Amino acid sequence: GLIAESFEKGLSNSIQIISAGFGETKSGREIEAGLAKKLRELPRERRPVINGPNTLGNIYYDTKTLFTPGYKSSFNGKGRANAALICQSGAYMITRMSDLASMVAPPVAISVGNQMDLSVADFLEFFLEDERIATYGLYIEGLVPGDGLRLMKLSQKAREEGKFVIMYKVGRTEAGAEAAKGHTAS
């Protein structure tokens, strides 16, 4: 209701939906589809961008919106700071940051969730412009229609600029596909 009201009143330029339960249940899928439809119908000048739903928050240099307390991770902020993580799963994102502590300290870590609006490809395209980032780690459970080709073109652009894109696409096996479906309804 709050998001729909925000659309009607033009109150937001950007929205991050951390809450889960949208694509994972029948009623949640209906709510998400309704919000996506309302978003598409908004005039461009009143249309916010939305990250999520089903995100864990983000890190963008000194701005952190993660709701997982730091003491639950081994992430220590030490290591190379020239990488970005763009992940559909926030749990995967913070686990990788914890596992790679002291080796890699990504100053940018984005939890994308269900991709109701912004997608993995949208974030990669944006962060390719950041000269401080040389390597991009993508964790993908499902793609928005058209984003497969778009990701390949963005990866080629990164390569031409001497940057690296590492993609991990989950769901290639039957068990992996079932796990991905259950997580973000991909």
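Our subject is the structure listed above.
Residues numbered from 1 in each chain as written. Predicted model: local features only at pLDDT ≥ 70, side-chain atom pairs only at ≥ 80, totals over all residues. Heavy atoms only, no water.

Considering the packing of aromatic side chains
Selection criterion: The criterion for an aromatic pair is that two Phe, Tyr or Trp rings (for Trp, the six-membered ring) have centres within 6.5 Å, with stacked assigned to planes under 30 degrees apart, edge-to-face to planes over 60 apart and tilted to the rest. Secondary structure elements follow DSSP: runs of H or I of four or more residues count as helices, runs of E of two or more count as strands, with numbering from the N terminus. When accessible area is computed with a 1.4 Å probe and restricted to protein chains, residues below 20% of their type maximum are described as buried, those above 50% as exposed, and intermediate ones as partly exposed. Lysine NZ or arginine CZ positioned within 6 Å of the ring centre and within 35 degrees of the ring normal marks a charge as sitting over the ring.
Within this structure, the stated rule accounts for seven aromatic pairs. Geometrically, the ring pair formed by Tyr 92 and Tyr 168 is stacked, given 6.1 Å between the ring centres and 15° between the ring planes. On the criterion of sequence distance, the pair formed by Tyr 92 in helix α3 (residues 90-99) and Tyr 168 in strand β8 (residues 164-169) is long-range, its members being 76 residues apart. Judged by relative accessible area, which is 23%, Tyr 92 ranks as partly exposed. Clustering of aromatic rings is evident, with ring pairs tying together Tyr 60, Tyr 61, Phe 123, Phe 126 and Phe 127. Above the ring of Tyr 92, the side-chain terminus of Arg 96 is found at 4.6 Å from the ring centroid. The side chain of Arg 132 reaches across the aromatic face of Tyr 61, ending 3.9 Å from its centre.

Some details on the packing of helix α4 (residues 120-127) against helix α5 (residues 147-160)
Applicable threshold: Orientation is described by lines fitted to C-alpha atoms, with helices fitted over the stretch in contact, and by angles between N-to-C directions that extend from 0 to 180 degrees. Note on angle classes: values under 35 degrees are labelled roughly parallel, values over 145 roughly antiparallel, values of 65 to 115 roughly perpendicular, and the remainder oblique. Crossing handedness is defined as follows: a turn of the near helix away from the far one that is anticlockwise and smaller than a right angle gives a left-handed crossing, while the clockwise case is right-handed. When checking whether two residues touch, look at their non-hydrogen atoms; a contact exists if any pair is within 4.5 Å. Note that Gly is not counted as nonpolar here; it falls among the polar residues with everything else outside the nonpolar set of Ala, Val, Leu, Ile, Met, Phe, Trp, Tyr, Cys and Pro and the charged set of Asp, Glu, Lys and Arg.
At their nearest, the axes of α4 and α5 sit 9 Å apart, and the two run at 20° to each other. Taken together, the axes of α4 and α5 are roughly parallel relative to one another. As α4 runs across α5, the sense of the crossing is left-handed. Where α4 approaches α5, its residues Val 120, Ala 121, Asp 122, Leu 124 and Glu 125 are matched on the opposing element by Asp 147, Arg 150, Leu 151 and Leu 154. Residue classes in the contact of α4 with α5 are distributed as five nonpolar, no polar and four charged.

Some words on helix α1 (residues 2-9)
The α-helix winds at 3.6 residues per turn, so residues separated by three or four positions along the chain end up facing the same way. Threshold: In this context, the arc is that of the directions from the helix axis out to the C-beta atoms.
Taken together, the buried positions of α1 are Ile 3, Ala 4, Ser 6 and Phe 7. Angularly, the buried residues of α1 cover 160° about the axis, an arc narrow enough to put them on a single face. Those residues of α1 that are exposed and angled more than 90 degrees off the buried face are Leu 2, Glu 8 and Lys 9. Turning to α1, the residues buried within the fold contact β1 (14-16), α2 (26-41) and β2 (49-51). Just downstream of α1 lies Gly 10, where phi reads positive at about 60°.

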